[in-house]
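Working through the structure, step by step
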Amino acid sequence: MPPQSVPADPPDPANAPETADPPDPANAPETANAPGTPGSSPATTEKSTAEPGKPTDEPSDLTHPTAEPQKQPGEPTAKQDEPSTGRFRRRKPALPTTRPPGAPPDPWTVFAETTERQPGRVRRALRVVGRAFIHEYALVVYGSLLLAVLLTWPTLRYPLHTVPQDVWDPSRQAWQVSWAGHVLLTEPARLWQSNAFFPERYSFAFGSNLLGYAPAGMLGEGPLAATLRYNLLFVLAHALLAIGGYALVRQLGAGRTGAVVGAVAFAYAPWRLAQEGHLDIVSAGAIPLALAMLARGHGWSLRYGFRPGRRHAGWAAAGWVVATWQLSLGFPLGLPFAYVLAGLILVVGCAVLVRRLRRRSPVPVLGWRLLITDLLGALIVAGVGALIAVPYLRVPDTGPAGTEIGFFSPPVRSLLIGPAESRIWGAPHAVARQSLAWPAEMSLLPGFVLYALALVGLVFSVWRMWQRLILLAAVLVSAVFTLGTTFFEGRWTYLPLFGHLPGSFGVRIPGRLMLWVTLFLVILAAGAVAEFVRRAEHLAASRIPPWPGPWLRLATFVPLLLVVGESWNATAHPVVPEQPAAMRTVTGPMLVLPTTALTDQTVMLWSTTRFQQLANGGGGFAPSRQAELRRSVATFPDATSVQYLRTQGIGTVLLLRTQAAGTSWERAGDLPVDSLGITREDLDENSVLFRLG
């Protein structure tokens, strides 16, 4: 039998031309049966041409397999005329979509239809927390805490019994934190009327108040708790210095290595070792942290400039909150910081105005949210500062401001002299320190390593040249302010800003502005380190494999090791005198003998158990009445001193025999007092209590 002819597939109706082309002989099927040939039929001899615009009898590849083909009127059906192997193909039945009853499920279908289970709330929360623990700034916090413990050691060796540097100022500041927490819990209206310096008013304003640490003062009571609290805050303040320094340098555009070097150089500069006994001066970490937050909120970086797409009002708001907290710690650092913020507001305002006038930005430069945030933030900082300043303005002044500022103004050579507490520079600079009028406030060396890195940063840095020149100018200007009246007698530098304020503000020591000199030097130095690391990475990219070798990696850490080595301290940690048992039972108003400007600060710490009213008080900028008190009771017990104490409202005197040895009160506990109308009681072998009636 001759082979059956199989017609070619009809053209797709969607792509068919207006008239059907005849089949190409070269591509035609083999030979169709001729008319009259056995086995042929009229249906097989008809010419197969598709009518334009209509579907063919046979389904194409693009039609649905279950669609019925359209038929012409009178055309025989496929079931009647289609042979088993003829022109028309039999349609294959569709595959079943379900399995027969009782059959096991198809494993491939089950696998294809199974979707990944979405994590629940607990798992998502754990993922977020896990990422937070390994975030860049989380690692910075861990490293800063560890470095603070190591570089302030042995502060946390005996945190209940010792304090850094000396006993006096730390004892007073431990009392300040305790009093702030105690009074805010019990009687907030008496905040500024502390239990010390009785009967003086606004006695809590006799120096930096450390109000920002009041929440910590609400935990625990007594001298032991106050000492532990002080040591913990001392270590945390150093950690915050490093965190703030890292955040600022990183935000300005330096890399991680440069930011780490800058943070350590800022937090542990040698000059800070002379201030270890002043928690208000150590607590400066919020200054760079607030500046970093404000810069991030405004989308600004020193390296990349202003980027409107990175603005975020939340970061700006956080920056203003941190700035307010820094101001609440005291005016010695808070007031200069407020001046810097005011200057930045002026600069930003002028820049925004110029940008708008030049039409460089089609959209608002700051945006209404950021503008409102800045306005409210500046008002809050100014308002909080004004409220804190009210009691300070009511405190009697201690003397002419110009005289005190001139006494504490350091010479230029002080910028190269290290403090006695420096393990590296303490002994070599001992002779140079003797030439300073007040070495504790005039040993202002920020570090020779920092000086060297900053000099390198002037010629080799990621910062542009004009930015380096601005930073150099900032270093020089801040150094002029730090030297007080040394330049131009301070007439156009320090005195116009701080000379009109009372001594209670604590801004009559110009050397404490060394913080700003150090900060600008750190930014210059970080630029040099960041450029060195960038060059090292570029050099390593041409290596095979493309990563730095061990010596190149070690070279990037050399500046950090040098900075850490120069910050090695030799700070003393004396033991705090133990609280007498009588201080836990005797009520006030009372006077504790002996009384001196230094020992009274320890008495203030002892009073943190009951916070009874004390005539004792020292440190800070104590009023002149304290000197009058000590002169009047120098001969106690006698008629004159007893009468003076009665006029001051003091009814109890506690004499401590051990502390009174070698003073005018050494034998006061053995003198007869019957003729004075007072009583005497020996509480124990060390304490004698006098009641004045």
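The structure contained in this document is the topic of the report that follows. (Residues numbered from 1 in each chain as written. Predicted model: local features only at pLDDT ≥ 70, side-chain atom pairs only at ≥ 80, totals over all residues. Heavy atoms only, no water.)

Describing the sheet that holds strand β5 (residues 679-682)
Taken together, the 4 strands give an open sheet; going across it, the order is β3-β4-β6-β5, and neighbouring strands pair in mixed fashion. A single partner strand is all that each edge strand has here, and the edge strands are β3 (590-593) and β5. On average, each strand axis in the sheet is inclined to that of its neighbour by 20 degrees, with strand direction left out of account. As defined by bridge partners, β3 adjoins strand β4 (residues 652-656) across 4 bridges and the pair is classed as parallel. Of the residues in β4, the one forming a bridge with L593 is L655. (Pairing = 2+ DSSP bridges. Helix = DSSP H or I, 4+ residues; strand = E, 2+ residues; numbered from the N terminus. Axes fitted to C-alpha atoms, helices over the stretch in contact; angles between N-to-C directions.)

Quick notes on helix α15 (residues 401-408)
Within α15, burial applies to A401, E404, I405 and F408. Viewed along the axis of α15, the buried residues span an arc of 95 degrees, placing them on a single side of the element. (Buried < 20%, exposed > 50% of the residue type's maximum accessible area, 1.4 Å probe, protein only. Arc of directions from axis to C-beta.)

Points about the packing of helix α8 (residues 223-252) against helix α11 (residues 286-297)
It is the contact of α8 with α11, at a shortest axis distance of 7 Å, that shows an interaxial angle of 30 degrees. Taken together, the axis directions place α8 and α11 in an arrangement best described as roughly parallel. Viewed along their axes, α8 and α11 form a crossing whose handedness is left-handed. Listed contacts from α11 to L240, G244, G245, A247, L248 and Q251 of α8 are A286, P288, L289, L291, A292, A295 and R296. Counted by class, the contact of α8 with α11 contains 9 nonpolar, 3 polar and 1 charged residues. (Parallel < 35°, antiparallel > 145°, perpendicular 65-115°, else oblique. Left-handed = near helix turned anticlockwise from the far one by under 90°. Contact = heavy atoms within 4.5 Å. Nonpolar A, V, L, I, M, F, W, Y, C, P; charged D, E, K, R; others polar.)

Quick notes on the packing of aromatic side chains
Each aromatic ring pair is summarised here by two numbers: the centre-to-centre distance and the angle between the ring planes. The full count for this structure, using the stated rule, is 21 aromatic pairs. Ring centres 6.1 Å apart and planes at 75 degrees place the aromatic pair W175 and F204 in the edge-to-face group. With W175 in helix α6 (residues 168-186) and F204 in the loop between α6 and α7 (214-217), this pair connects stretches of sequence that are 29 residues apart. Grouping residues by exposure puts W175 and F204 together as buried. Through a chain of ring-to-ring contacts, three or more aromatic side chains come together here, namely W175, W192, F204, F331, Y392 and F505. One cation-aromatic arrangement involves R272 over F266; the distance from NZ or CZ to the ring centre is 4.9 Å. Lying over the aromatic face of W568, R423 brings its terminal NZ or CZ to 5.1 Å of the ring centre. (Phe/Tyr/Trp six-rings, centres within 6.5 Å; stacked < 30°, edge-to-face > 60°. Lys NZ or Arg CZ within 6 Å of the ring centre and 35° of its normal.)

Considerations on unusual backbone geometry
Between G588 and P589 the backbone carries a cis peptide bond, its omega angle lying at -5 degrees. Summarising the element assignment, P589 is placed in the loop between α22 (550-566) and β3. Note that the residue after L593, namely P594, is joined by a cis bond; omega there is 5 degrees. Position of P594 among the secondary structure elements: in the loop between β3 and α23 (599-606). Within the chain, Y202 stands out as a residue other than glycine whose phi angle is a positive 55 degrees. Take Y202: it is sitting in the loop between α6 and α7. For L210, which is not a glycine, the phi torsion comes out positive at approximately 55 degrees.

None of the figures reported here should be taken as evidence of function without further support.
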